[in-house]
Amino acid sequence: MANQKHVAVLMGGWAAERYVSLDTGAGCAGALERAGYRVTRIDVDRNISAVLAELKPDVAFNALHGPFGEDGCIQGILEYLDIPYTHSGVLASALAMNKEKAKHILKAAGVPLAEHKVMHRLEAAKGHPMKTPYVVKPVTEGSSYGVLIVGEGAEHPPQELYRDDWPYGDMVMVERYIPGRELTCAVMGDVALGVIDIVPVGLDFYDYDAKYRPGGSKHILPAEISPNIYQSIQNLSLKAHKALGCRGVSRADFRYDDRLHGTGELICLEVNTQPGMTATSLVPEMAAHAGHSFEELVAWMVEDASCGR
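Definitions and cut-offs
Residues numbered from 1 in each chain as written. Predicted model: local features only at pLDDT ≥ 70, side-chain atom pairs only at ≥ 80, totals over all residues. Heavy atoms only, no water. UniProt positions renumbered as here; feature names shortened; annotations may be inferred. Core = buried A, V, L, I, M, F, W, Y, C linked by side-chain atoms within 4.5 Å. Buried < 20%, exposed > 50% of the residue type's maximum accessible area, 1.4 Å probe, protein only. Helix = DSSP H or I, 4+ residues; strand = E, 2+ residues; numbered from the N terminus. Domains from an automatic or database assignment. Contact = heavy atoms within 4.5 Å. Axes fitted to C-alpha atoms, helices over the stretch in contact; angles between N-to-C directions. Left-handed = near helix turned anticlockwise from the far one by under 90°. Nonpolar A, V, L, I, M, F, W, Y, C, P; charged D, E, K, R; others polar.

- Per an unreviewed UniProt entry, the recorded name for the protein is D-alanine--D-alanine ligase, and the organism is Rhodobium orientis.
- The annotation that UniProt attaches to the protein under Catalytic activity (unreviewed entry) is "2 D-alanine + ATP = D-alanyl-D-alanine + ADP + phosphate + H(+)".
- Of the protein, the UniProt comment under Sequence similarities (unreviewed entry) reads exactly: "Belongs to the D-alanine--D-alanine ligase family."

Written as structure tokens, this is what we have:
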């Protein structure tokens, strides 16, 4: 019998990741309809509180990405309106979205991190803030927006940081570059799913195109790494999920230096509380590997939705 629960799928918004969010939202809305839910698609604008108060859905499926959607803001509105919602709550969302704050929590929990520092972008542009190679990334963006890699032996920091129209906020994180594999693992509830080895096609960096362009990257699942490293990634993903107070689905990203003369270190880069759910996204692929269809995954997320935890 069809499930008549009314789900509002929140997508779009005004962050840099708007178009990824629209793609995620469309895919999730279609899957929820196939699973028997009554679905309303909402392209979120600054009037969202009034829209939701009038609509009164049973659940909000949060398909937003980036600031406002991932940082605790929309979560706070949904808490105020007493509408259960998917993914993490206010505090976990705010912590995970701010790379500096998240690293404080993860370090205290024993999750291995790369050396890093936070500074104004104009300071980072004056001279190398640390020994090359290193990475410069906005403190509160996702989908690799604004990420700059400074190669070994580079003469100066990225001059893009001086741009008058730099759109990613003035504070940036400078982080030691970790060579090797790009690995990721999702957590669904209290279970760590499989580990994917992400191989960008024709690139050294898992950038926006590699993430969202069909064929932009090759996903190896299960990752072809030693069983102890595979299990360590699963354990660390679950530890990070719990340390930040996440709920529902999250995804942790790692670098693993397994080069012939590499360091062998395994480093957690970040935790994503609103991982993408597009046709090329990682979480649906990991869920499918664990035996959950896309429809089953999004239905589980709706049934897991809540307020105040």
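Okay, back to it.
## Notes on the nonpolar core
Nonpolar side chains in soluble globular proteins generally cluster together in the buried interior.
Piece 1. With 29 residues, the main nonpolar core has Val7, Val9, Leu32, Phe61 and Leu297 as its most contacted residues.
Piece 2. Counting residues per element, the ones that place at least two in this core are strand S1 (6-12), helix H1 (18-34), strand S3 (59-62), strand S8 (181-188), strand S9 (191-200), helix H9 (282-289) and helix H10 (294-304).
Piece 3. No other element matches H10, which puts 5 residues into this core.
Piece 4. Residue-level mapping places this core at the junction of two domains, with at least three residues from each of domain 1 (6-87) and domain 2 (96-113 + 179-296).
Piece 5. Discounting chain neighbours no more than four positions away, the residues touching Val7 are Leu32, Tyr37, Arg38, Val39, Thr40, Val59, Phe61 and Val302.
Piece 6. By size, the runner-up hydrophobic cluster in this structure holds 24 residues, among which are Leu106, Cys185, Ala240 and Cys268.

## Some points on the packing of helix H5 (residues 99-108) against helix H8 (residues 227-244)
Piece 1. Interaxial distance between H5 and H8 falls to 9 Å at its minimum, and their mutual angle equals 115°. Considering only the axes of H5 and H8, their crossing is right-handed. The segment H5 lies against H8, with Ala102, Ile105 and Leu106 engaging Ala240, Ala243 and Leu244.
Piece 2. Grouping the amino acids of the contact of H5 with H8 by side-chain chemistry returns 6 nonpolar, no polar and no charged.

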